[in-house]
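# Observations on chain architecture
Now for the letters of each chain:
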Amino acid sequence: MGCGFREDAHRRKDTPLTTVLATAFVLLVLIFIHELGHFLAARSVGVKVLRLSLGFPPRLFSFRSTSSGWIFRFFFFRRNDSGKLKWLPVIEKAISKPLSRASETDYCVALVPLGGFVRMAGTIDENLDETITGAPHELASKNRVQQVWVMSAGVLMNVLLAVLVFAVLTYLTGIPEFTDEPIILEVLTSYPAEEAGMARGDRILRVADQRADTWTDVRDLIRERPLETISIQWERDGEVMTAGITPREEQNVEGDEMKTVGLIGISGGYEIRNAGVGESLGQGFLRTGIWFGVIVKSLKMIATGEVSIKEIGGPILIAQLAGQSAQEGFLPLLNLLAVISVNLAFINIMPIPALDGGHIMIILIEAIARRQLSAKVRMVIQQAGMALLLLLILVIIYNDLTRLFVN
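Residues numbered from 1 in each chain as written. Predicted model: local features only at pLDDT ≥ 70, side-chain atom pairs only at ≥ 80, totals over all residues. Heavy atoms only, no water.

Moving on to helix H6 (residues 315–328). Here H6 is 14 residues long and its end C-alpha atoms lie 20 Å apart, about the 20 Å a rise of 1.5 Å per residue gives. All buried positions along H6 are accounted for by Leu 317, Ile 318, Ala 319, Ala 322, Gly 323 and Ser 325. Taken from the residues just after H6, Gly 329 is the one with a positive phi, measuring 135°. (Helix = DSSP H or I, 4+ residues; strand = E, 2+ residues; numbered from the N terminus. Expected span 1.5 Å × (residues − 1). Buried < 20%, exposed > 50% of the residue type's maximum accessible area, 1.4 Å probe, protein only.)

Bringing the environment of His 34 into the picture now. Tracing the chain through its elements places His 34 in helix H1 (residues 2–44). A sequence separation of 68 residues divides His 34 from Ala 102, and the C-alpha atoms of the two residues are 24 Å apart. Every residue in contact with His 34, bar those within four places of it in the chain, is listed here: Gly 154, Val 155, Asn 158, Asn 348 and Asp 356. Only 2.7 Å separates the side chain of His 34 from the side chain of Asn 158, close enough to count as a polar contact. (Contact = heavy atoms within 4.5 Å. Polar contact = N/O pair within 3.5 Å; in protein donor to acceptor, adjacent residues only side chain to side chain.)

Glancing now at the pairing of strand S2 (residues 69–79). Across six bridges, strand S1 (residues 49–66) lies against S2 in antiparallel orientation. Across the sheet, the residue bridging to Arg 64 is Ile 71, located in S2. Counting the residues that bridge the hairpin from S1 to S2 gives two residues. In the sheet, S2 pairs with strand S3 (residues 85–94) via nine bridges, with the strands oriented antiparallel. Bridged to Phe 77 within S3 is Trp 87. (Pairing = 2+ DSSP bridges.)

Turning our attention to the sheet that holds strand S7 (residues 203–207). Strand order in the open sheet formed by four strands is S8-S7-S9-S10, and the pairing between neighbours is antiparallel. Because the sheet does not close on itself, it has two edges, and the strands there are strand S8 (210–211) and strand S10 (239–245). Where S7 and S8 come together, two bridges link them in antiparallel fashion. Residue Arg 206 lies in a different strand from S8, and its bridge partner there is Arg 211. Those strands touched by helix H4 (residues 215–223) are S7, S8 and strand S9 (230–236), and its axis lies near 45° from that of S7. (Axes fitted to C-alpha atoms, helices over the stretch in contact; angles between N-to-C directions.)

The next point concerns the packing of H6 against helix H7 (residues 330–349). Two elements in contact, H6 and H7, have axes separated by 7 Å at closest approach and are oriented at 150°. For the element pair H6 / H7, the angle class is roughly antiparallel. The residues of H7 that touch H6, namely those facing Ile 318, Leu 321, Ala 322, Ser 325, Ala 326 and Glu 328, are Pro 332, Leu 333, Leu 336 and Ile 340. Here the contact of H6 with H7 is composed, by residue class, of eight nonpolar, one polar and one charged. (Parallel < 35°, antiparallel > 145°, perpendicular 65-115°, else oblique. Nonpolar A, V, L, I, M, F, W, Y, C, P; charged D, E, K, R; others polar.)

Judged by nonpolar contacts, the single largest core of 21 residues is most densely connected at Val 26, Leu 30, Val 165, Phe 166, Ala 322, Leu 337 and Ile 340. For this core, the elements supplying multiple residues, two or more each, are H1, helix H2 (144–173), H6 and H7. With nine residues, H7 is the single largest residue contributor to this core. If we skip the residues at most four places from it in the chain, Ala 322 touches Ala 22, Thr 23, Val 26, Leu 333 and Leu 336. With 19 residues, the next largest nonpolar core counts Val 207, Val 218, Leu 221 and Ile 222 among its residues. (Core = buried A, V, L, I, M, F, W, Y, C linked by side-chain atoms within 4.5 Å.)

All right, on to the pattern of salt bridges then. For the structure shown, the criterion picks out 14 salt bridges. Across the salt bridge formed by Arg 51 and Asp 106, the nearest N and O atoms sit 3.3 Å from each other. On the criterion of sequence distance, the pair formed by Arg 51 in strand S1 and Asp 106 in strand S4 (residues 106–120) is long-range, its members being 55 residues apart. Overall, Arg 51 belongs to the buried group, its relative accessible area being 16%. Residue classification places Asp 106 among the buried residues on the basis of a relative accessible area of 0%. Between Arg 273 and Glu 177 there is a salt bridge, and its shortest N-O distance comes to 2.5 Å. Of this pair, Arg 273 sits in strand S14 (residues 270–273) while Glu 177 is found in strand S5 (residues 175–178), placing the two residues 96 residues apart along the sequence. Using a relative accessible area of 30% as the deciding quantity, one classes Arg 273 as partly exposed. Through salt bridges that share partners, Arg 51, Arg 59 and Asp 106 make up one connected network. (Salt bridge = Lys/Arg side-chain N within 4 Å of Asp/Glu carboxyl O.)

Here's what the structure looks like:
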């Protein structure tokens, strides 16, 4: 028992660092891929990119491409010419020879690592910058198809990332094929099954004093008994074991309904076979589509009141899930990365001003009206979108804090 306690204590000690590193990995990859999509699409149609930022202001350090070469700047507090303490460059240095084709783009890493943005010439976006001159390198000067391409590229990159990650995971881990054999293939950590000593390869014989000849029997007998201590009998290497196990009570989506079920943290009833490159890629698209379907169902349940809006989570929930996934290994963390990438794509394509979908909505409105909206109207739309987005962020933060300190 002493060894077990020390191992558990060691796991708790490592958890904060693991959580921080896993969260940073997930957020930085997702943000970088999303903003890279906008950046590459903008450059592909000749739109000048003023700034590519990983994180939100203030800037910490930046590299700027100029005709004089790459200029490096490090920012911190210093007094300006008026003697006021301001966040300004404290180090500025040219680090290469003059460039023949300088883009004048400011590539920077900012202090707030919960987002990022691409600032393009000729846009009125969340920065509320209304400087549009009609120059050919501005986004507003491009045709509607090019504008939609630029604004949708971040979402497309997130979808592509999810497809590729799911494909790689399929290639590495194989494809499950249903057998309905009552044999355990996975035991989740910190669930009742693990605590009872169940392990991969065990064959379940009886559940709640009833024979379990198939995995379907095992699943149904456990799910219908949440919080009820039941006897489960299983076999391992010819030895029969029995334990009293109490399934957790959890909410689970079944069809179009949210049901309360009992779970003990096991999966099985299938076997794994190897997958080729083509089949893995197909599974990548399939699993990405499945997760889009899950998001739609979840939103429908929130809208109808089947699920509380309190279930929506943000950065803190992502951190908790990232830490838990990282404890399981790098592949589970990659799976979480793909799932969140799908969520990020779905959220950003929604027609809410200040999101990518909101920008696309404005472009389509202008296309239908056959004229551009005035800068004043665009500013009002963006401000309304920012207010709505801020309200949603406050709800998410409240949910995260409640989940962290109350549950």
